Each structure stands twice: as structure tokens, then as C-alpha cells.
Amino acid sequence: MSDEHPPSVRQTPNGRRTGVTLDETSKKIIELLQADGRRSYAALGKAVGLSEAAVRQRVQRLLEAGVMQIVAVTDPLSLGFLRQAMIGIKCEGDLTAVADALAAMEEIDYVVITAGSFDLLAELVCENDDHLLELLGRIRAIPTVTSTESFVYLKLRKQIYSWGTR
């Protein structure tokens, strides 16, 4: 198998990414890394029929294209972050500006613009309830935010990152 089909990013005329074209080899590499993010380039190469160097190049292109990240997923409770919550946010005007302001906050790890009851959802990780209250104040102070609703996590039952590449 050759490394003829590296991932390529599709862009709209205004330069926004619309998706990435992946061949079956790149998809398989992603799935293998989702199962074990510590798998070596040599082991990946053996599994997909490429050299270690070719796999290293593909992984680097996938990272640079923003297709994937290789990270350590932690349990916030074990690190002293005792409060997690999803915040539903309603606002007026430019949703992107509010989303960008939220994304800039260190405690917020997930921001999406949505359709439905809320304009945005943000997931946050806090040290305690006082920290949550302080962060809610900062969110509510963002211009054009009209209301928030907090969904405090009581117990995490499932968190996976291995949905494959379809």
C-alpha cells in the first residue's frame, strides 16, 4: 500500500473548512489511534501496510488539518475539579462572537452553536461551586448574552471518543 492519498481539506470560497477527504488508510489510522492513542508509528504502519515514516507523515497531516488531536483524557474529579456543568446560553446578535468569547475561557472545554431552545452550549470544569458561580457571572457579562441555564453534572456514566470515521 502506498501513501498516495494523504488527507486533503475542502474549503469554501471564504476559506472555511467544510470537511476533510480521507482515504481508507487514514480512516484506519484514526480508528486505531482512537482505540489506543499510544500505539507506535511502527505498529500503525504494520496494521495499515505503510512504512513507519509514511504513517508519521499521515498522522502529522491529520493533526495539522485539525482532523484529530492526540491527548490524555483525565477524570476531572481525580484532579480536584469537583464541579462540571453544561450551560445553555441564549443571546442576541452575533453568535460567533459569543462562542469565541466562551472558547477563550480556560475553564470551558466545549462550545457549540445550536438550534433549539439555546443558541449555544458550553461545557465547563470548575474547582467548586464558588468557581462555578464566578464563571457564570463572567458568561452572563458577555455582551448580547440574555440568559443562561445550568445543567450540573452529578455523575458521569459514559464518555467515549471512539466513534470511528464512517
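In the block above lies the structure referred to throughout.
Residues numbered from 1 in each chain as written. Predicted model: local features only at pLDDT ≥ 70, side-chain atom pairs only at ≥ 80, totals over all residues. Heavy atoms only, no water.

Would you take a moment to explain the layout of surface pockets for this structure?
The gaps of empty space that remain are located by a probe, the size of a water molecule, rolled over the atoms. Considered as a void within the structure, the largest pocket measures approximately 1,400 Å³ in volume. Gln69, Val71, Ala72, Val73 and Tyr161 are the residues nearest the centre of the largest pocket, which is lined by 33 residues in total. Of all the secondary structure elements, the ones that give two or more residues to the lining of the largest pocket are helix H1 (24-35), strand S4 (108-113) and strand S5 (120-126). Considering every element that reaches the lining of the largest pocket, the biggest residue donor is H1, with 4 residues. Looking at the lining of the largest pocket residue by residue, the classes come out as 20 nonpolar, 8 polar and 5 charged. Here the second largest pocket is characterised by a volume of approximately 190 Å³. (1 Å grid on protein atoms, 1.4 Å probe; cavity = no way out; pocket = protein on both sides within 12 Å on 5 of 7 lines; lining within 4 Å. Points joined across faces, edges and corners; volume = space filled by probe spheres on them. Helix = DSSP H or I, 4+ residues; strand = E, 2+ residues; numbered from the N terminus. Nonpolar A, V, L, I, M, F, W, Y, C, P; charged D, E, K, R; others polar.)

Before we go on, may I ask you to explain the pairing of S5 in this structure?
For a regular strand, side-chain orientation follows a simple rule: the groups alternate between the two sheet faces. S5 sits mainly inside the fold: 6 of its 7 residues count as buried. Pairing analysis gives 7 bridges linking strand S3 (residues 83-91) to S5, with the strands arranged antiparallel. When the sheet's bridge partners are listed, Ala85 is paired in S5 with Leu124. Judged from the 5 bridges that link them, S4 and S5 form a sheet pairing that is antiparallel. Looking at S5, one finds that Val111 is bridged to Ala122. In textbook terms, the turn of a hairpin is the stretch between consecutive antiparallel strands, and for S4 and S5 this stretch comprises 6 residues, one of which, Gly116, has a positive phi near 125 degrees. (Buried < 20%, exposed > 50% of the residue type's maximum accessible area, 1.4 Å probe, protein only. Pairing = 2+ DSSP bridges.)

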